[in-house]
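# Residue-level structure breakdown
Read off the chains here:
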Amino acid sequence: MTKFDGIKGQELLDVEEDPMEITFIFKDNRFLFVKIENGNLVTESVPE
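Summary of the structure given here.

### Observations concerning the pairing of strand β3 (residues 31-37)
- Bridge count between strand β2 (residues 21-26) and β3: 5 bridges; the pairing is antiparallel. The partner of F24 across the bridge, within β3, is L32.
- Taken together, the 7 bridges between β3 and strand β4 (residues 40-46) define a ladder with antiparallel strand orientation. Considered in β4, the bridge of F33 is made with E44.
- Where β3 hands over to β4, the hairpin turn is made up of 2 residues, of which N38 adopts a positive phi near 55 degrees.

### Quick notes on the sheet that holds β3
- Taken in spatial order, the 4 strands of this open sheet run β1-β2-β3-β4, and their pairing is antiparallel. Two strands lie at the open edges of the sheet, namely β1 (12-18) and β4, each paired on one side alone. Recorded for the sheet is a direction-independent mean angle of 15 degrees between the axes of neighbouring strands.

Cut-offs and rules
- Residues numbered from 1 in each chain as written.
- Predicted model: local features only at pLDDT ≥ 70, side-chain atom pairs only at ≥ 80, totals over all residues.
- Heavy atoms only, no water.
- Pairing = 2+ DSSP bridges.
- Helix = DSSP H or I, 4+ residues; strand = E, 2+ residues; numbered from the N terminus.
- Axes fitted to C-alpha atoms, helices over the stretch in contact; angles between N-to-C directions.

Here's what the structure looks like:
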């Protein structure tokens, strides 16, 4: 999954949870957002 190559091996600094989303924060100032929309797991990586 090349979409996640930028975060592979990066140190995880923090995990933030709310009822609809989990956010993973990595050392190089990258964010990975994970949520469920219409029964499907959706991820977004910033920056990609």
